[in-house]
Amino acid sequence: MIVTVQSTGVSAADVVAVARTDTRVEISPEAIAAMAASRAIVDGIEASGRPVYGVSTGFGALASTSIDPSRRAELQHALIRSHAAGIGAPMPREVVRAMMLLRVRSLALGRSGVRPVLAQGLVDLLNHDITPWVPEHGSLGASGDLAPLAHCALVLLGEGWVVGKDGSRVAGSEALRAAGLQPLDLAAKEGLALINGTDGMLGMLLLAIADARHLFTMADVTAALAIEAMLGSDRPFLPELHEIRPHPGQAASAANIHRLLQGSAIMDSHRDDLAHAVQDAYSMRCAPQVAGAARDTLDFVVTTCGRELVSVVDNPVVLPDGRVESTGNFHGAPLGFAADYLAIAAAEVGAIAERRVDRLLDVTRSRDLPPFLSPDAGVNSGLMIAQYTAAGIVAENRRLAAPASVDSLPTSGMQEDHVSMGWSAAKKLRTVLDNLTSLLAVELLSAVRGLQLREPLTPSPAGRAAVTAVRPFAGTPGPDVFLAPVLEQARTVVAGPALRAEIEATVGRLD
């Protein structure tokens, strides 16, 4: 597969493919022409001697400082070096690759006034699997992700650091030499164009969208399994009950759960039992209301990112009529708000899953399942401490759900007196989603244990698929075992496509 960067940009799927695989990248002839036309305008400005921000002046609070023509290339190099001021552990490879592709996308729109060789330089890093060492701290989402993008740009100059294959830190010059690539010399405006954008936070959000879309469907799966194991009712998930409250995410989640609960001897065993509870607890009955609201939140984030993918977020921008105008389009507020909103939603999907786990383990509420799902409780603790772990993760997610985007701090001598904190919002969203994977893993294991303890009654097709997926590493209910590796493998099942594909092969596609 090859991703071609057009003069109209790239798709979200393109970004995920390049970030997470070795998909090659190329630039279309139309994008090259658009960049060349834009650069010709900047060259004309330079020749005229007109003062233009970022071309013939300094940056930020130094915007009124005129730069002599003989030092304008030096200015661009100095900008990259000074702004590559991050600190901390390196960002994951997929984030850096997404960020670089998105910067190529932005340059290829033909509004940044750079030579095509600049975008090609970033493409060369991607195609040679060179990942700049981008520290986790440094961006305020002010003029976009200045520091992270500067760490990427510095490698183009043959400086800075890259991440070695063994995770070590390697000199950028060494990485270029090993790949047969030459360092670039920057011209006027080009340093600024390499770093002034929302590419880091957008890249993290696009990856988060892909993860959240899968996890929200898996949350319906684990919820259905838990409801089945607890002898819950499938009636609250009937479609006519969700048509009267027409939130699309809620209807989709309810349809998933209802479909997953069909064909179950466990469900049939109590369907007409008068002693059965008239109403299930909220964590069971309201599962689609919570997970559905999260789905609708995700739709909002998808819309926001779709707009950003076709946006010009550089500053200044070069307009086709020859004007070079300063903008605030690099401000990350739209993405920061979206990341914070999705973190809140994902945290709640995990929180309600933990409540179902607690109910499964509690002998007073689990409808005749043994304490902590152990056939020999007392000597054995079963899944007691797995629920402790889940509770601790829920608590952390609640802290992480506090919005970063309201925490502006002024910088650059009060020139940048309101910043978005979008990088921080997107970074903590990734942690929330990783935590959600763990919470759903605990629910998956707990629900499978419950289904196994309902034997000889047979579970739904989804339940049988889940038992088949989990039994090889978790075994059957019995004496206590070392639980951490079991939970790690349950995480792998939740995060991967295999269980969902197996279930869908039987019950049909899940929304």
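In this report, the structure presented in the accompanying data block is examined. Quick caveat, the model's predicted, so the values are computed rather than measured.

On to the pattern of salt bridges. In this structure the tally under the stated criterion is 29 salt bridges. Between Asp129 and Arg93 there is a salt bridge, with its nearest N and O atoms 2.9 Å apart. Placement of the pair is Asp129 in the loop between α5 (116-127) and β4 (135-137) and Arg93 in helix α4 (residues 93-108), with a sequence separation of 36 residues. Glu94 is the salt-bridge partner of Arg430, the closest N and O atoms lying 3.0 Å from each other. Remark: Glu94 occurs in helix α4 and Arg430 occurs in helix α17 (residues 422-453); sequence separation between them is 336 residues. As far as burial versus exposure is concerned, Arg430 and Glu94 are alike and both buried.

Another aspect to go through is unusual backbone geometry. The residue after Asn315, namely Pro316, is reached through a cis peptide bond having omega -5 degrees. With respect to the helices, strands and loops of the structure, Pro316 is situated in the loop between α14 (287-309) and β7 (317-318). Following Glu455, the chain continues into Pro456 via a peptide bond in cis, with omega recorded as 20 degrees. If you trace the backbone, Pro456 turns up in the loop between α17 and α18 (461-474). One non-glycine residue with positive phi stands out, namely Arg367, at about 60 degrees. Structurally, Arg367 can be placed in the loop between α15 (333-361) and α16 (384-400). Owing to a relative accessible area of 22%, Arg367 belongs among the partly exposed residues under this scheme. The phi torsion at Leu373 lies on the positive side, around 60 degrees, for a residue other than glycine. Inspection of the secondary structure assignment puts Leu373 in the loop between α15 and α16.

Look at α15 against α17: their axes get within 8 Å of each other, and the N-to-C directions meet at 20 degrees. Between α15 and α17, the angle is such that the two are roughly parallel. Between α15 and α17 lies a crossing of left-handed hand. In terms of residue class, the contact of α15 with α17 is built from 20 nonpolar, four polar and four charged.

Let's shift gears to the pairing of strand β2 (residues 24-27). Covered by surrounding structure in β2 are Val25 and Ile27 only, the residues Arg24 and Glu26 on the alternate face being uncovered. In the sheet, strand β1 (residues 2-5) pairs with β2 via four bridges, with the strands oriented parallel. Paired with Val3 across the strands is Val25, a residue of β2.

Ranked by size, the top nonpolar core spans 149 residues in total, and within it Leu125, Leu194, Ile195, Phe216, Leu444 and Ile503 carry the most contacts. If one sorts the elements of this core by residue count, helix α9 (residues 199-229) sits on top with 20 residues. With near-sequence residues (within four places) excluded, Leu125 lies in contact with Met100, Ile130, Pro132, Cys152, Val155, Leu156, Leu176 and Leu181. Residues Ile41, Val42, Val52 and Val55 belong to the second largest nonpolar core, which totals eight residues.

Turning to the state of the cysteines, a few remarks are in order. The full count for this structure, using the stated rule, is zero disulfides. With no disulfide of its own, Cys152 lies closest to Cys305 among cysteine sulfurs, the gap being 19 Å. Residue Cys152 is classed as buried on the basis of its relative accessible area, which comes to 3%.

Further remarks concern α5. Its 12 residues give α5 an end-to-end C-alpha distance of 16 Å, which sits within 8% of 16 Å, the value for a rise of 1.5 Å per residue. Taken as a whole, α5 has its buried residues at Leu118, Ala119, Gly121, Leu122, Val123, Leu125, Leu126 and Asn127. Positive phi shows up at Asp129, right after α5, with a value of about 55 degrees.

On the secondary structure map, Glu308 appears in helix α14. One buried charged residue, Glu308, remains without a salt bridge, the closest side chain of opposite sign being Arg105 at 6.4 Å. If we ignore the near neighbours within four places in the chain, the residues touching Glu308 are Arg105, Thr198, Leu202, Val313 and Leu335.

Our focus in this paragraph is the environment of Gly422. Inspection of the secondary structure puts Gly422 in helix α17. Measuring from C-alpha to C-alpha, the distance between Gly422 and Pro334 comes to 8.3 Å, with 88 residues separating the pair along the chain. When residues no more than four places from it in sequence are discounted, the contact partners of Gly422 are Leu140, Gly141, Met201 and Gly336.

Bringing the environment of Leu102 into the picture now. Considering the arrangement of structural elements, one finds Leu102 in helix α4. Along the chain, Leu102 and His77 lie 25 residues apart, while their C-alpha atoms are 21 Å from each other. Setting aside chain neighbours within four positions, we find Leu102 in contact with Val15, Asp199, Leu202, Gly203, Leu206 and Leu309.

What follows is about the packing of aromatic side chains. Two descriptors summarise a pair of aromatic rings, namely the distance from one centre to the other and the angle between the planes of the rings. In the structure shown here, the tally under the stated rule is two aromatic pairs. Here the guanidinium or amino end of Arg169 rests over the ring plane of Trp133, the centre of that ring lying 5.1 Å away. A cation sits over an aromatic face here: Arg169 above Trp161, 3.6 Å from the ring centre.

It is worth spelling out the pairing of β1 at this point. The side-chain alternation of β1 yields one buried face, formed by Val3 and Val5, and one unburied face, formed by Ile2 and Thr4. At this point the chain moves from β1, through helix α1 (residues 12-20), to the parallel β2, and the crossover so formed is right-handed.

Along the chain, Arg39 falls in helix α2 (residues 29-48). Those residues within four positions of Arg39 in sequence are excluded, and the remaining contacts are Glu46, Gly113, Val114, Arg115, Ala187, Ala188, Lys189 and Glu190.

Residue placement: Leu409 occurs in the loop between α16 and α17. On the basis of relative accessibility, which here comes to 48%, the residue Leu409 falls in the partly exposed class.

Conventions we followed
- Residues numbered from 1 in each chain as written.
- Predicted model: local features only at pLDDT ≥ 70, side-chain atom pairs only at ≥ 80, totals over all residues.
- Heavy atoms only, no water.
- Salt bridge = Lys/Arg side-chain N within 4 Å of Asp/Glu carboxyl O.
- Helix = DSSP H or I, 4+ residues; strand = E, 2+ residues; numbered from the N terminus.
- Buried < 20%, exposed > 50% of the residue type's maximum accessible area, 1.4 Å probe, protein only.
- Axes fitted to C-alpha atoms, helices over the stretch in contact; angles between N-to-C directions.
- Parallel < 35°, antiparallel > 145°, perpendicular 65-115°, else oblique.
- Left-handed = near helix turned anticlockwise from the far one by under 90°.
- Nonpolar A, V, L, I, M, F, W, Y, C, P; charged D, E, K, R; others polar.
- Pairing = 2+ DSSP bridges.
- Core = buried A, V, L, I, M, F, W, Y, C linked by side-chain atoms within 4.5 Å.
- Contact = heavy atoms within 4.5 Å.
- Disulfide = S-S within 2.5 Å.
- Expected span 1.5 Å × (residues − 1).
- Lys, Arg positive; Asp, Glu negative; His and termini not counted.
- Phe/Tyr/Trp six-rings, centres within 6.5 Å; stacked < 30°, edge-to-face > 60°.
- Lys NZ or Arg CZ within 6 Å of the ring centre and 35° of its normal.
- Right-handed = clockwise from strand over helix to strand, strands pointing away.

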